[in-house]
Amino acid sequence: MASNRNGNGSIATENGSNGLPKITTKKSVNGICHDDSGPTVNAKTIDELHSLQKKKSAPSTPNTGTSTPFAQISDQERQKLQLQSISASLASLTRETGPKVVKGDPAKNQKVDHVHHHHVPTPTIAVSDSALKFTHVLYNLSPAELYEQAIKYEKGSFITSNGAMATLSGAKTGRSPRDKRVVKDKVTENELWWGKGSPNIEMDEETFMVNRERAVDYLNSLDKVFVNDQFLNWDPENRIKVRIVSARAYHSLFMHNMCIRPSPEELENFGTPDFTIYNAGKFPCNRFTHYMTSSTSIDLNLARREMVILGTQYAGEMKKGLFSVMHYLMPKRQILSLHSGSNMGKGGDVALFFGLSGTGKTTLSTDHNRYLIGDDEHCWSENGVSNIEGGCYAKCIDLSREKEPDIWNAIRFGTVLENVVFDEHTREVDYSDKSVTENTRAAYPIEYIPNAKLPCVGPHPKNVILLACDAFGVLPPVSKLTLAQTMYHFISGYTALVAGTEDGIKEPQATFSACFGAAFIMLHPTKYAAMLAEKMESHGATGWLVNTGWSGGSYGTGNRIKLSYTRKIIDAIHNGSLLGAEYKKSEIFGLQTPTEVEGVPSEILDPINAWSDKNAYNATLLKLGGLFKKNFETFTNYKIGKGDDNLTEEILAAGPIF
Ligand SMILES: Nc1ncnc2c1ncn2[C@@H]1O[C@H](COP(=O)(O)OP(=O)(O)OP(=O)(O)O)[C@@H](O)[C@H]1O
Ligand SMILES: O=C([O-])CC(=O)C(=O)O
Ligand SMILES: [Ca+2]
Ligand SMILES: [Mn+2]
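Residues numbered from 1 in each chain as written. Chains lettered and ligands numbered in written order. Predicted model: local features only at pLDDT ≥ 70, side-chain atom pairs only at ≥ 80, totals over all residues. Heavy atoms only, no water.

Structural notes on the packing of helix 12 (residues 483-492) against helix 16 (residues 614-632)
- The N-to-C vectors of helix 12 and helix 16 enclose an angle of 80°; their axes lie 10 Å apart at closest approach. Classified by the angle between their axes, helix 12 and helix 16 sit roughly perpendicular to one another. Contacts between helix 12 and helix 16 pair Tyr 488, His 489, Ile 491 and Ser 492 from the former with Phe 628, Lys 629, Asn 631 and Phe 632 from the latter.
- Of the residues in the contact of helix 12 with helix 16, the class split is four nonpolar, three polar and one charged. (Axes fitted to C-alpha atoms, helices over the stretch in contact; angles between N-to-C directions. Helix = DSSP H or I, 4+ residues; strand = E, 2+ residues; numbered from the N terminus. Parallel < 35°, antiparallel > 145°, perpendicular 65-115°, else oblique. Contact = heavy atoms within 4.5 Å. Nonpolar A, V, L, I, M, F, W, Y, C, P; charged D, E, K, R; others polar.)

Laid out in structure tokens, this is it:
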């Protein structure tokens, strides 16, 4: 039983007189007793040990060349300018002083030496508590740092078994389109789309400033705020610099993942942002303020290049708010902004996937056999397509490893998992659980998808796929479109909205949303449609309508078309085989429907065959046709494109006829 550690030479045992091992210690050479002989730690105190654990981040890239305005300045000077810029973002516009802005975590109790504060001698009467206060800025933290912040300070933040960070977005688990307002001024009054059908609900400049000050005051009242400086758009000529000021590590990590991440060098030379978001999250707007109809307000001021968020913590609001900004800025440069996914085949063929929320943009653009350019927001310029974002935002309700392996594997360290339910002990996520919401989401950097195309740009699209999740179950699983039909369906933007993404919608229902994203467009839909028609025509792209919704009956009776069938249909579009298939023309909608698609049962290709009640099918088809017609009435007075009226007339004739 006696143990021997003679190999170490410090303790030897032998049986003593009482039967117990007798402990003898071997005298060491210098007379000092060691309890181990391994290498010792290079610290004399615990504090010293802790300081050894963290080494300074790699210093910013060496200053070579003189091309940048910052090239000649010292590190200290650059830090000062950066802090000055953030301080300017956070400055109150109604008070002359405060808060003082300092970089770093307040919990670390560092000495506040590099304070930036304009030293205007102020009469004592103007001194306020807010002027005396420090706001700590957590600037472009890393995912690991943001995890620690979230877990320490934000209730509902947990690490799941796959390494992702689970968070709760609070009372709002989807966007609030009825609370999104745009400042109507001399310029935007004429430039933007206002009135019926438009997402742009007006507010005035004065009210915007009231809300802005409310958000800034709230953010400054906190011990610390998060600031992200990042980019939008992978097209280097049309890149936009954005700054996001927020109250939560969750929001900072979400935007870290969703926007394009600057390199350390790009961050050094960031300068002044082109657009700033003030996200006050849970802090509500004031119902006594003009225009406010709830405690939530998302306010866009294009002249000031600012957005204010009050009373919602749903992170998608920031992503889609910036998308609206791009829908304004890009068309001014003759660039088309698109609510679409995009991927590219090995041979360089690019496809666009349009569709409203939940129709399959992310699911179908994430394709193991193709390069992912992006899953949700793109630009189409003279040079081809470019992703606006640096990450993906996938729905994860009922997510399965088998059906969506790349998305499944992208959920790991660094990924934000919104509103999912997990086992309290194992921390394994149950993707089928809708207890918090149906709209559970994963936000991950695009490089988490193994075949992401980096940089996220590609040549001109060959196929333009319009996705509709038809809850009526009467649209064919796939049809080939003429250019006029493509425009008709693009302007209509039909789907059966799947529950959850827009706050308050619980059941699928037929929805029309112009350009497959009326909630985000800023100009009249026909402006985007004309640009799309022009681009598709000059680059010879083919339009397709794919129903990712119901077959064999409406929602409730039929079933959603199997994802594996839809994937086969998409494959046949990509590889060109569907272009040469045999087609027949459908009733009412006049859609060209193939009679065969490899890997898909032919009886579902003509939807009537999948319905047992043919009369019900015909009645439902007519009903949907009527809804399309009625929706299109608002567009009949608009002309599309320049020159003659041919395209406009063709588009009007490309809808259902009965
Ligand atoms: N036949 C099908 N085709 C596509 N998606 C399907 C199909 N059947 C079921 N689904 C499911 O529908 C959902 C499609 O959601 P997806 O995230 O792709 O939407 P999205 O168009 O990207 O929306 P958003 O703009 O809100 O991000 C996924 O959960 C997917 O698993
Ligand atoms: O904005 C969101 O919350 C999700 C999304 O992508 C969309 O609705 O199109
Ligand atoms: Ca998506
Ligand atoms: Mn989207």
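Structure's up, so let's keep going.
Comments concerning the nonpolar core
- Ranked by internal contacts, the top residues of the largest apolar core, which has 119 residues, are Phe 354, Leu 417 and Tyr 444.
- For Phe 354, the contacting residues outside a window of four places in its chain are Leu 338, His 339, Ser 340, Lys 361, Val 464, Ile 465, Leu 466, Leu 467, Phe 490, Phe 516 and Leu 532. (Core = buried A, V, L, I, M, F, W, Y, C linked by side-chain atoms within 4.5 Å. Buried < 20%, exposed > 50% of the residue type's maximum accessible area, 1.4 Å probe, protein only.)

Brief notes about the packing of aromatic side chains
- One pass over the full model with this rule turns up 19 aromatic pairs.
- Ring plane angle 55° and centroid distance 6.4 Å describe the contact between Phe 490 and Phe 516, whose orientation is recorded as tilted. With Phe 490 in helix 12 and Phe 516 in the loop between strand 29 (509-512) and helix 13 (525-539), the pair connects residues that are 26 residues apart, well separated along the chain.
- Judged by its relative accessible area of 2%, Phe 490 falls in the buried class. (Phe/Tyr/Trp six-rings, centres within 6.5 Å; stacked < 30°, edge-to-face > 60°.)

Considerations on the coordination of the manganese ion (ligand 4)
- At 2.2 to 2.8 Å from the manganese ion (ligand 4) lie its protein donor atoms, namely Lys 320 (NZ), His 339 (NE2), Asp 376 (OD) and Asp 376 (OD).
- Here the manganese ion (ligand 4) and the calcium ion (ligand 3) are spaced 4.7 Å apart. Of the two residues, His 339 is situated in the loop between strand 14 (336-338) and strand 15 (340-344) and Asp 376 in the loop between strand 17 (371-374) and strand 18 (378-381); the sequence distance between them amounts to 37 residues.
- Judged by its relative accessible area of 4%, His 339 is buried. (Donors = N, O, S within 2.8 Å, 3.2 Å for Na, K, Ca; no water.)

As for the environment of Asn 343
- Here Asn 343 is to be found in strand 15.
- According to the relative accessible area criterion, Asn 343 is buried, its value standing at 0%.
- Sequence spacing of Asn 343 and Ala 452 is 109 residues, and the spatial spacing of their C-alpha atoms is 8.8 Å.
- A distance of 3.1 Å separates a polar atom in the side chain of Asn 343 from the backbone oxygen of Ser 365. (Polar contact = N/O pair within 3.5 Å; in protein donor to acceptor, adjacent residues only side chain to side chain.)

Some thoughts on the domain arrangement of the protein
- We note that the domain assignment places domain 1 (77-86 + 171-333), domain 2 (144-169 + 398-437) and domain 3 (462-653) within the protein.
- A straight line from the C-alpha centre of domain 1 to that of domain 2 covers 26 Å.
- Facing the 16 residues of domain 1 at the interface are 17 residues of domain 2.
- With both chains or domains summed, domain 1 and domain 2 bury close to 1300 Å², and 54% of this area falls on carbon and sulfur atoms.
- The three residues of domain 1 that bury the most area against domain 2 are Thr 173, Tyr 250 and Leu 253, which together make up 41% of that side's buried surface.
- Applying the counting criterion to the domain 1 and domain 2 interface returns one salt bridge.
- Glu 154 is paired through a salt bridge with Arg 248; the nearest N and O atoms lie 3.2 Å apart.
- Linking domain 1 to domain 2 there are nine residue pairs in polar contact (both at pLDDT 80 or more).
- Counting residues per element, the ones that place at least two in the side of domain 1 that touches domain 2 are strand 9 (224-232) and helix 7 (249-258).
- The element best represented in the side of domain 1 that touches domain 2 is helix 7, accounting for six residues.
- Here the side of domain 1 that touches domain 2 is built from residues that sort into nine nonpolar, four polar and three charged. (Domains from an automatic or database assignment. Buried area = accessible area lost by both parts, 1.4 Å probe. Salt bridge = Lys/Arg side-chain N within 4 Å of Asp/Glu carboxyl O.)

Examining the side chain of Ser 89
- In this structure, Ser 89 sits in helix 2 (residues 75-90).
- Residue Ser 89 is classed as buried on the basis of its relative accessible area of 9%.
- Residues contacting Ser 89, with those up to four places away along its chain left out, are Arg 212, Arg 243 and Tyr 278.

Digging into the site of ligand 1
- In the vicinity of ligand 1 there are 20 residues, among which Ser 357, Gly 358, Lys 361, Glu 404 and Arg 441 approach most closely.
- One nitrogen or oxygen atom from the main chain of Thr 359 is found 3.4 Å from an oxygen atom belonging to ligand 1.
- The contact in question runs from an oxygen atom of ligand 1 to an N or O atom on the side chain of Thr 362, over 2.9 Å.
- For ligand 1, whose free accessible area comes to 650 Å², the fraction covered by protein is 90%.
- Counting residues per element, the shell around ligand 1 draws most heavily on helix 10 (residues 361-365), at three residues. (Near = heavy atom within 4 Å. Areas by Shrake-Rupley, 256 points an atom, 1.4 Å probe, with all protein chains shown as cover.)

Some thoughts on the sheet that holds strand 4 (residues 134-139)
- Read from one edge to the other, the open sheet built from nine strands follows the order 3-4-9-10-11-13-12-7-8, with strand pairing classed as mixed. At either end of the open sheet lies a strand with only one pairing partner, and these are strand 3 (100-103) and strand 8 (201-203). Strand after strand, the sheet turns through a mean of 25° between neighbouring axes, direction not considered.
- By the bridge criterion, four bridges tie strand 3 to strand 4 in an arrangement that is parallel. If you follow Val 101 over to strand 4, its bridge partner there is Thr 135.
- Its contacts with the sheet put helix 9 (residues 316-332) on strand 7 (180-183), strand 9, strand 10 (240-246), strand 11 (275-279), strand 12 (297-301) and strand 13 (306-310), and the angle it makes with strand 13 is roughly 155°. (Pairing = 2+ DSSP bridges.)

Regarding the packing of helix 7 against helix 9
- Between helix 7 and helix 9, the least distance of the axes is 9 Å, while the angle of their chain directions is 45°. Taken together, the axes of helix 7 and helix 9 lie oblique to each other. The handedness of the crossing between helix 7 and helix 9 is right-handed. The segment helix 7 lies against helix 9, with His 251, Phe 254, Met 255 and Met 258 engaging Gly 316, Met 318, Lys 319 and Leu 322. (Left-handed = near helix turned anticlockwise from the far one by under 90°.)

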